[in-house]
Amino acid sequence: MNTSSQHLQQPLLGVNIDHVATLRQVRGVDYPSPLAAALLCEQAGADGITIHLREDRRHIQDADVYDIAQQLTTRLNLEMAATTEMLAIACEVKPFWVCLVPEKRAELTTEGGLDVVGQITWLTDYISQLHAANIKVSLFIDPDEAQIEAAVACQADAVELHTGAYAEMGLASNTAGQRAELQRIEHAVSHAQLADNKLLINAGHGLSRDNVHAIAQIKGIYELNIGHALIADAVFVGLAQAVTMMKAAMYR
Ligand code: PXP
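Owing to the predicted nature of the structure, the values given are computational and were not obtained by experimental measurement. (Residues numbered from 1 in each chain as written. Predicted model: local features only at pLDDT ≥ 70, side-chain atom pairs only at ≥ 80, totals over all residues. Heavy atoms only, no water.)

To continue, consider the overall build of the protein. The helix and strand tally for the protein stands at 12 helices and 8 strands. Its C-alpha atoms give the protein a radius of gyration of 17 Å, near enough to 18 Å, the size a compact globule of 252 residues would have. Seen through its C-alpha atoms, the protein measures out along the principal axes to roughly 45 × 40 × 35 Å. Counting the 252 residues in the protein, one finds 51% classified as buried. Of all intrachain contacts in the protein linking residues separated by at least 6 positions in sequence, the fraction that spans at least 24 positions is 68%. Carbon and sulfur atoms form 52% of the exposed surface of the protein, whose accessible area is close to 11,400 Å². Distance between charge centres in the protein, computed from 17 positive and 30 negative side chains, equals 4 Å. (Helix = DSSP H or I, 4+ residues; strand = E, 2+ residues; numbered from the N terminus. Rg over C-alpha atoms; globule rule 2.2 N^0.38 Å. Buried < 20%, exposed > 50% of the residue type's maximum accessible area, 1.4 Å probe, protein only. Contact = heavy atoms within 4.5 Å. Areas by Shrake-Rupley, 256 points an atom, 1.4 Å probe, with all protein chains shown as cover. Lys, Arg positive; Asp, Glu negative; His and termini not counted. Charge placed at Lys NZ, Arg CZ, Asp CG, Glu CD.)

Next up, the structure:
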């Protein structure tokens, strides 16, 4: 991967299609199809597809992971908790990326970043097993210097910076707070570049057409992972158009 030139480009768009599966699971039926959604997003210009196989299987199911992995033409990013069960699945499916996230059963969505500092030994070993299966590993972390340094120490290939606090400040119309969170993310990107110039830097969570532009402008971000707001747009304009509109909002 030529990371140095990729860092200079505008960020790629990874589309998280978990909530297509949510819609299916709330009725216990077999539609809408996450696989069809993934392929449509790719045709519309998504640079990759993200799915989160949660321990409680609330949206994406095991069969979705296998089906999508087989048919994607871009890159699959499999989000998962760093558990033994998930390691076995990932090593069988062999997605291009695994993104390790913290997981709590009761949460509505991933609430905070992974505590890499507190579990360096476990994560270093876990990541080395994914590397042995030829899978690249990203760690979903808060935009925090110590977490970034720990991710580098664990030999992660990428970090995904949690943009949830930035997004929430915007929803609360807290402009000063949102500016501060943006600066925190900008600082984290610079720190990550200094810590390891081969580390890819992604970002995501809570991003929407309203707030994505400032994040997409940060030099050095490789990819943005966007789900909920894009799927919500798709309700009104269709999935392909929602992808087009998100890219337009990123690059405007
Ligand atoms: N990145 C990670 C690591 C996530 O866990 C999620 C939510 O599943 C996202 C990005 C996408 O967040 P959202 O659905 O708010 O766009």
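Now that the structure is up, let's keep going.
When its volume is computed, the second largest pocket comes out at roughly 290 Å³. Taken together, 14 residues form the lining of the second largest pocket, with H19, V20, L23, I231 and V235 sitting closest to its centre. Those elements that place two or more of their residues in the lining of the second largest pocket are α2 (18-25) and α11 (228-237). Here the lining of the second largest pocket takes 5 residues from α11, the largest share from any one element. Classifying every residue of the lining of the second largest pocket by side-chain character gives 10 nonpolar, 4 polar and no charged. (1 Å grid on protein atoms, 1.4 Å probe; cavity = no way out; pocket = protein on both sides within 12 Å on 5 of 7 lines; lining within 4 Å. Points joined across faces, edges and corners; volume = space filled by probe spheres on them. Nonpolar A, V, L, I, M, F, W, Y, C, P; charged D, E, K, R; others polar.)

Time to look at α2. Here α2 has its buried residues at D18, V20, A21 and R24. One face of α2 carries all of its buried residues, which in axial projection span an arc of 160 degrees. Buried residues belonging to α2 abut β1 (12-16), α3 (34-43), β2 (48-52), α4 (62-71) and α11. (Arc of directions from axis to C-beta.)

Applying the stated rule across the entire model yields 1 cavity of 30 Å³ or more. Within this model, the largest cavity holds a volume of roughly 30 Å³. Contributing elements (two or more residues each) for the lining of the largest cavity: β4 (97-100) and β8 (223-226). Here the lining of the largest cavity is built from residues that sort into 2 nonpolar, 4 polar and 2 charged.

Attention shifts here to the pattern of salt bridges. Counting across every chain of the model gives 7 salt bridges. One salt bridge connects E181 with R184, and the closest N-O pair in it is separated by 2.9 Å. Placement of the pair is E181 and R184 together in helix α9 (residues 175-195), with a separation of 3 residues, close to one helical turn. Judged by relative accessible area, E181 falls into the buried class, the value being 14%. Note that D233 and R209 form a salt bridge whose closest N and O atoms lie 2.9 Å from each other. Of the two residues, D233 sits in helix α11 while R209 sits in the loop between β7 (200-204) and α10 (212-216), which places them 24 residues apart along the sequence. (Salt bridge = Lys/Arg side-chain N within 4 Å of Asp/Glu carboxyl O.)

Attention shifts here to the packing of α11 against helix α12 (residues 239-251). Viewed as axis vectors pointing N to C, α11 and α12 meet at an angle of 125 degrees, and their least axial separation amounts to 7 Å. Put simply, α11 runs oblique to α12. Note that α11 runs across α12; the crossing there is right-handed. Taken together, the residues of α12 that come into contact with α11 (itself represented by L230, I231, D233, A234 and V237) are L239, Q241, A242, V243, M245 and M246. Tallied by class, the residues present in the contact of α11 with α12 amount to 9 nonpolar, 1 polar and 1 charged. (Axes fitted to C-alpha atoms, helices over the stretch in contact; angles between N-to-C directions. Parallel < 35°, antiparallel > 145°, perpendicular 65-115°, else oblique. Left-handed = near helix turned anticlockwise from the far one by under 90°.)

Our next topic: the side chain of H162. Position of H162 among the secondary structure elements: in strand β6 (residues 158-162). Residue H162 is classed as buried on the basis of its relative accessible area, which comes to 7%. Within polar-contact distance, the side chain of H162 engages the backbone nitrogen of G164 at 2.9 Å. (Polar contact = N/O pair within 3.5 Å; in protein donor to acceptor, adjacent residues only side chain to side chain.)

Note that I185 resides in helix α9. Taking C-alpha positions, I185 is 18 Å from K198, a pair spaced 13 residues apart along the chain. Excluding its chain neighbours within four sequence positions, the residues that come into contact with I185 are P143, L161, T163, Y166, I215 and I218.

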